[in-house]
Amino acid sequence: MSKIPFTKMHGCGNDYIYVDVSQHPIDDPVQAAIQWSDRHKGIGSDGLVLIDKSPIPEADFSMRIFNADGSEAMMCGNASRCIGKYLYERTHLWPFPVSEGNGYQETKIRLLTLSGIKVLNLHIFNGIVESVTVDMGEPILEDASQFIASRGLAQGTFVSMGNPHYVVFTENVDLVGETGRALEHHPAFPQRCNIEFARIEADGNIRTRVWERGSGITQACGTGACATAVAAFLTGRAGRKSDIVMDGGTLTIEWRESDNHVYKTGPAEFVFDGEVEL
């Protein structure tokens, strides 16, 4: 039985187990995600993230992410920020130029995900990645509003950020615990859906609670924060830049008019390193 080195990290409380599979391959990531994510009998996490070299020249690295129930996700914004910090501070795989100015440094990573290549812009000070801005690409809207309305879910807004999200604005964001699971499995979403319950606060921030597809209530969701900000703008509740306040922390989201891309900025933190039997 072999031992696999891992690093546990979190972005605004959204915690995952990270493994460099270029050095330590995992044959059955589905079963590993289920066992290791268990918060009583395993390491404890929202899922498992595999970091590897990119198989295509257009990207520098790749990621695969498996939820706590073993299902594979298309993308995770919080996990991608953590990958940026992990690669810069914990590996020797760093061939990238770093620009400097006023004591700060910046560099970019092209990360291949199942929902395409995401560009990570690392904000570095004294060798530490303080925050990461991720170009999440364009939100996918199309005729989703009519699709949802025809299935009795007109009170929310559907936004895809490479993975599906359904955003409900309500004064009672704690409804996420009662109805998140039911909405995830609603017939309107044959591939299931991530659910956000959001409220506009007096200071203009958007308080959001998240039910993630395959993981349940989580402390934060990067793509969910992006979807919430897009939905708030589309429904006239906010401008193009919003602070999304989730259980585990705050992310700044900007939906730029210049390129129609959504940009997400927030922290990433190490929790601990260890080894787990495989």
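What counts as what
- Residues numbered from 1 in each chain as written.
- Predicted model: local features only at pLDDT ≥ 70, side-chain atom pairs only at ≥ 80, totals over all residues.
- Heavy atoms only, no water.
- Helix = DSSP H or I, 4+ residues; strand = E, 2+ residues; numbered from the N terminus.
- Buried < 20%, exposed > 50% of the residue type's maximum accessible area, 1.4 Å probe, protein only.
- Arc of directions from axis to C-beta.
- Contact = heavy atoms within 4.5 Å.
- Phe/Tyr/Trp six-rings, centres within 6.5 Å; stacked < 30°, edge-to-face > 60°.
- Polar contact = N/O pair within 3.5 Å; in protein donor to acceptor, adjacent residues only side chain to side chain.

### Observations concerning unusual backbone geometry
Inference 1: Here R192, not a glycine, exhibits a phi torsion of approximately 65°, which is positive.
Inference 2: Tracing the backbone shows R192 in the loop between α4 (176–184) and β12 (194–200).
Inference 3: One non-glycine residue, N260, lies in positive phi territory at about 65°.
Inference 4: Note that N260 resides in the loop between β16 (249–255) and β17 (262–266).

### What to know about α4
Inference 1: Among the residues of α4, V176, G180, L183 and E184 are the ones counted as buried. What you see down the axis of α4 is that its buried residues fit within an arc of 95°, all on one side. In this structure, α4 carries E178, R181 and A182 as exposed residues pointing more than 90 degrees from its buried face.
Inference 2: Lining the buried residues of α4 we find β11 (164–169), β12, β13 (206–212) and β14 (216–218).

### Points about the packing of aromatic side chains
Inference 1: Enumeration over the complete set of coordinates arrives at 4 aromatic pairs.
Inference 2: When the ring of F6 is compared with that of F272, the centres are 6.0 Å apart and the planes differ by 80°; the resulting orientation is edge-to-face. With F6 in strand β1 (residues 3–11) and F272 in strand β18 (residues 269–277), this residue pair connects regions lying 266 residues apart in the sequence.
Inference 3: The buried category is assigned to F6, whose relative accessible area is 7%.
Inference 4: Judged by centre distance (5.6 Å) and plane angle (85°), the ring pair of F233 and W255 falls under edge-to-face. One end of the pair, F233, is in helix α5 (residues 222–234); the other, W255, is in strand β16, with 22 residues separating them in the sequence.
Inference 5: Look at F233 and you get partly exposed, because its relative accessible area is 29%.

### A few points about the environment of E212
Inference 1: Mapped onto the secondary structure, E212 falls in strand β13.
Inference 2: Owing to a relative accessible area of 6%, E212 belongs among the buried residues under this scheme.
Inference 3: A distance of 3.4 Å separates the side chain of E212 from the side chain of N14, its partner in a polar contact.

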